[in-house]
Amino acid sequence: MGTDAQHERPAGSPAAGVVHSLHERQQTLATVESLTGGLLAAAIVEIAGVSAVYRGGLVTYATELKARLADVPEDLLAERGPVDPDVAIALAEGGRRRCAADWGLSTTGVAGPEPQDGRPVGLVYVAVAGPGGPVVRRLDLDGGRDHIRAAAVIEALRLLAARIHRAFPEPGPGPRHGPAAVVPPAGAGRR
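Residues numbered from 1 in each chain as written. Predicted model: local features only at pLDDT ≥ 70, side-chain atom pairs only at ≥ 80, totals over all residues. Heavy atoms only, no water.

Here we come to the packing of helix α3 (residues 63-70) against helix α5 (residues 85-98). In the contact formed by α3 and α5, the axes pass within 9 Å of each other and the chain directions differ by 40°. Here α3 lies oblique to α5, going by the angle between them. Of the residues in α5, those touching α3 at Lys66, Arg68, Leu69 and Ala70 are Ala90, Leu91, Gly94 and Arg98. Classifying every residue of the contact of α3 with α5 by side-chain character gives 4 nonpolar, 1 polar and 3 charged. (Axes fitted to C-alpha atoms, helices over the stretch in contact; angles between N-to-C directions. Helix = DSSP H or I, 4+ residues; strand = E, 2+ residues; numbered from the N terminus. Parallel < 35°, antiparallel > 145°, perpendicular 65-115°, else oblique. Contact = heavy atoms within 4.5 Å. Nonpolar A, V, L, I, M, F, W, Y, C, P; charged D, E, K, R; others polar.)

Structure representation (structure tokens):
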């Protein structure tokens, strides 16, 4: 694997692959992060040419901000807590709507050092909302806090890359899905 000397990142990094794929398809991305606290957005914006595809993102570390900023239903948060597959989907969908993007990508989980609301350290959900509906992936990660957060970023980007290529196997402009797109309800089309 080569490196991009300008950014000193592997040329085949998940973020570079996602930015390239979105650019080829003339599509946009928004992020909503909890446990990664901005690391996902930082990984994406390090890539040259990202301004053509990255709309922006939200860091909703506090539970109430998930509802207030990303439109996660308050009753869902009250019933299940912030570390839940349907919450991850709602975060991705909320970011997609709020930022008027084709794709929404989210992270939520427990980085540690202690369990949270009965959820173990290393339990992470990453979700994508976009053409073809939402999808969520559960991750059971080992290691310390920094490793869990970094691994969550990589896995989120890998999930997005797979969904982009599944929805649009050939490069070229895909249909635009902005704020007027009908997005299935949270939980629809999981796994």
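Additional details are given in the paragraphs that follow.
This brings us to the pairing of strand β5 (residues 103-109). Note on strand geometry: in a regular strand, side chains alternate between the two faces of the sheet. In terms of residue burial, β5 counts as a mostly covered element, since 7 of its 7 residues are buried. Of the two faces of β5, the one holding Trp103, Leu105, Thr107 and Gly109 and the one holding Gly104, Ser106 and Thr108 are both buried throughout. Both strand β3 (residues 29-33) and β5 contribute to a ladder of 5 bridges, which runs parallel. Residue pairing across strands places Leu29 opposite Trp103, the latter belonging to β5. Pairing of β5 with strand β6 (residues 123-129) involves 6 bridges; the strand directions are antiparallel. When the bridges of β6 are listed, Gly104 appears paired with Ala129. (Buried < 20%, exposed > 50% of the residue type's maximum accessible area, 1.4 Å probe, protein only. Pairing = 2+ DSSP bridges.)

Another point: the nonpolar core. A general feature of soluble globular proteins is that nonpolar side chains tend to end up buried together. Formed by 34 residues in total, the largest nonpolar core has its most connected members in Leu29, Ile44, Trp103, Leu105, Val124, Leu157 and Leu160. When contributions to this core are tallied by element, the ones reaching two or more residues are α1 (14-25), α2 (39-45), β5, β6, β7 (135-140) and α6 (145-167). Of all the elements, α6 adds the most residues to this core, at 9 residues. Among residues more than four places away in sequence, those in contact with Leu29 are Val18, Leu22, Ile44, Val53, Tyr54, Arg55, Gly56, Ala101, Trp103, Leu105 and Leu160. (Core = buried A, V, L, I, M, F, W, Y, C linked by side-chain atoms within 4.5 Å.)

Further remarks concern the pairing of strand β4 (residues 54-59). Pairing of β3 with β4 involves 5 bridges; the strand directions are parallel. Opposite Leu29, over in β4, you have Tyr54 as the bridge partner. Note that the unit made of β3, α2 and β4 has a crossover that is right-handed. (Right-handed = clockwise from strand over helix to strand, strands pointing away.)

One can find Ala15 in helix α1. A residue is classified by how much of its surface remains accessible, and Ala15, at 1% relative accessible area, is buried. When the C-alpha atoms of Ala15 and Ile154 are compared, they prove to be 8.0 Å apart, with 139 residues separating the residues in sequence.

Moving on, we get to α6. Here α6 spans 33 Å end to end across 23 residues, near enough to the 33 Å set by a 1.5 Å rise per residue. The elements touched by buried residues of α6 are α1, β3, α2, β5, β6 and β7. (Expected span 1.5 Å × (residues − 1).)

Any functional reading would require information beyond the geometric quantities listed.
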